[in-house]
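# Fold and contact review
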Amino acid sequence: MKSLVAPVLVWLLYTFPLYAANERINQEGRLLGPPPTVTDAILFNTSNADAVVSAVQIFPATNPWNECVSNRPVLVNSDAMIAQIVSDLGTSRAVLTPEFEMNFVLVPDSQPRKQIAFFNYADESDLDGGTGTNGLYPIPTNLPIETWPAGTANTLLQWQTNNDGSDRHAIMVAPGGGFIWETWETTRVGTNWEASNGAKFNLNTNGLRPAGWTSGDAAGLPMFPALVRFDEAERSMVEHACRIVVKKSRYQKYLYPATHYAAPSGNTSTNLPQMGQRLRLKAGFVIPLGWTKEEKAVLLGLKKYGALVADNGNYFSISVTPDDRWPAHCFDHLTGVSATNFEVVQSTGTNEGPRSAGAPVANAGPDRTVPFGQAAALMGFVSFSNSAPVIQWRLYSGPGTVTFGNATQTNTTATFSAPGIYTLELSADDGIHAVAYDAAVMTVANGISMTAMRSGMNLNLSWTGGTPPFVVERAGALPLGLWNGVVTTSLQNASVPMTNATGFFRVRGQ
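Definitions and cut-offs
- Residues numbered from 1 in each chain as written.
- Predicted model: local features only at pLDDT ≥ 70, side-chain atom pairs only at ≥ 80, totals over all residues.
- Heavy atoms only, no water.
- Helix = DSSP H or I, 4+ residues; strand = E, 2+ residues; numbered from the N terminus.
- Buried < 20%, exposed > 50% of the residue type's maximum accessible area, 1.4 Å probe, protein only.
- Contact = heavy atoms within 4.5 Å.
- Areas by Shrake-Rupley, 256 points an atom, 1.4 Å probe, with all protein chains shown as cover.
- Lys, Arg positive; Asp, Glu negative; His and termini not counted.
- Charge placed at Lys NZ, Arg CZ, Asp CG, Glu CD.
- Polar contact = N/O pair within 3.5 Å; in protein donor to acceptor, adjacent residues only side chain to side chain.
- Expected span 1.5 Å × (residues − 1).
- Arc of directions from axis to C-beta.
- Salt bridge = Lys/Arg side-chain N within 4 Å of Asp/Glu carboxyl O.
- Core = buried A, V, L, I, M, F, W, Y, C linked by side-chain atoms within 4.5 Å.

The next point concerns the overall build of the protein chain. Of regular secondary structure, the protein chain possesses five helices and 30 strands. In terms of principal-axis extent, the alpha carbons of the protein chain reach across some 100 × 55 × 40 Å. Residue burial in the protein chain is summarised as follows: out of 510 residues, 51% are buried. In the protein chain, of all internal contacts separated by at least 6 residues, the share reaching a separation of at least 24 is 68%. For the protein chain, the accessible surface area stands at approximately 21,700 Å², while carbon and sulfur atoms represent 53% of it. The protein chain carries 33 positive and 39 negative side-chain charges, and their two centres are separated by 8 Å.

If you want it as structure tokens, here you go:
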């Protein structure tokens, strides 16, 4: 009878999902997970909407709304421009004011189109398949109109039909295809709809409105990417620029990515902000520890991404969704932040900053399974054509801690404190382009050590490590042997009959 050989290598298989394969990572370095699927219209103030929108890449990472401006130089006349903003509004109104206004609805790509009549700026509207002055937009029956529900006691249907003369913006988002439609002065009239104008934006590109065209916003900008949303405040970071409102803007002037001005001919002073002008909360502004996480999320975003001048109004305001889930008074402290705590930064153009050539590319290497207790070799690499970027490995998620040999090198080691599934993220930041990210999933297996002893006509297997239930498997040859299950047990030993053939055994744990 031929002797049987027990292999020295055994496998422990985990059932956790390996979700970083083909990962989607946004400008904040957050893994987005698989692309969301929307099968029915979902209102913005729901957990379903949170789950969907948190997995959407809202415009490319290189888009101005997603551009990190924390290191951008200050405009030469920044102080004079801020002083002008304060003077125009008055000190009591030149404070950061949250306006609970713009809401949205998520729709499937198959959402039926409805005719919407544009009665004011049809010549600057996207008809999207409509004719004349009528657009064809994916309008669901539950389309929310600006300020609903937090700003009105009306039901949704009442608010859709109650033309109270306010701005009445409406936003439809199709995450599947990646489009948004935005309208202004929107009203439901019977079963039909009308609006002053309409604009369509492609979330997958950095494309703009035609030069000189307005949108739902005076500056010709989209509104959806600028909104302070419930889901991101819950994550403690607004991951994009906000839209900011000033009293007066400059005549015939607008900056990328704006496409439209909204000012009388007398507003020619160079200290008046242009539409699209970017303001940034000063790095030296100390965010009080006792302020709410919602307030901290907004202020951290304003330090990193800033705010774009988007409209004229009576307050130095940003747009917050009128979500009825916001905790009471969660933004009250913001009005203690004066416009004087802001500065105006030098904007980048169409092919500047993150949109310029030569962005670094990061690759974290393959997903792997490694034995617990051993240092894993990380095999990342970064390509670049401009100045060398700053390299950084970090633990993104996992059940324990990770110790890197040198977290600033692409090729290094990682040692894990406990078995489980870890996602490690590699970043490359050259200070100009959007930070390049990639991630690798490391399955840290609590290895099983097995011994085999002959006892009469049986082979007694015993092992340590792993988590039950265990599956003992046998193959007739290596490395191409076909593994077949022999026994499943919650114990750490098993006895199998010997046969007149060479065999290899392995143990798998849960």
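Quick look at the side chain of arginine 278 now. With respect to the helices, strands and loops of the structure, arginine 278 is situated in strand β12 (residues 278-281). Exposure remark for arginine 278: the relative accessible area of 4% places this residue in the buried category. Within the structure, the side chain of arginine 278 is placed 2.8 Å from the backbone oxygen of proline 64, a separation counted as a polar contact. Apart from the residues within four sequence positions on either side, arginine 278 is in contact with Pro64, Glu67, Val69, Ala241, Tyr305, Ala307, Leu308, Glu343, Val344, Val345 and Ser347.

Given 3.6 residues per helical turn, the α-helix brings residues three or four places apart onto the same face. Taking 1.5 Å of rise per residue, the twelve residues of helix α2 (residues 78-89) would be expected to cover 16 Å, and the 17 Å separating its terminal C-alpha atoms lies within 8% of that figure. For α2, every residue scored as buried is listed here: Ser78, Met81, Ile82, Ile85, Val86, Asp88 and Leu89. The buried residues of α2 occupy an angular sector of 165° when projected down its axis, which confines them to one face. Along α2, exposed side chains directed more than 90 degrees from the buried face belong to Asp79 and Ser87. Where the residues of α2 are buried, they touch β11 (242-246), β12 and β15 (342-344). Directly after α2, the chain includes glycine 90, whose backbone phi takes a positive value near 95°.

Overall, the coordinates contain 22 salt bridges when judged by the stated rule. Residue aspartate 126 is joined to arginine 209 by a salt bridge in which the shortest nitrogen-to-oxygen separation is 2.3 Å. Placement of the pair is aspartate 126 in the loop between β4 (114-118) and β5 (134-137) and arginine 209 in the loop between β10 (197-202) and α4 (230-234), with a sequence separation of 83 residues. Arginine 506 serves as the salt-bridge partner of glutamate 473, at 2.6 Å between the closest nitrogen and oxygen. One end of the pair, glutamate 473, is in strand β27 (residues 470-475); the other, arginine 506, is in strand β30 (residues 504-508), with 33 residues separating them in the sequence. Exposure remark for glutamate 473: the relative accessible area of 8% places this residue in the buried category. Residue class for arginine 506 comes out buried when judged on its relative accessible area of 9%. Taken together, the shared-partner salt bridges connect Arg30, Arg229, Asp231, Glu232, Arg235 and Glu239 into one network.

So, about the side chain of threonine 187. Considering the arrangement of structural elements, one finds threonine 187 in strand β8 (residues 187-189). Residue class for threonine 187 comes out buried when judged on its relative accessible area of 4%. A distance of 3.5 Å separates a polar atom in the side chain of threonine 187 from a polar atom in the side chain of arginine 168.

Bringing the nonpolar core into the picture now. In a soluble, globular protein the nonpolar side chains are often hidden away together inside. Counting 90 residues, the largest nonpolar core has Leu96, Val228, Leu299, Leu302, Phe316 and Phe342 as its most contacted members. Ignoring anything within four residues of it in the chain, the contact list for leucine 302 reads Leu96, Cys242, Arg280, Leu281, Ala307 and Phe342. Counting residues in each nonpolar core, the second largest holds 21 residues, with Val402, Ala407, Phe416 and Ala428 among its members.

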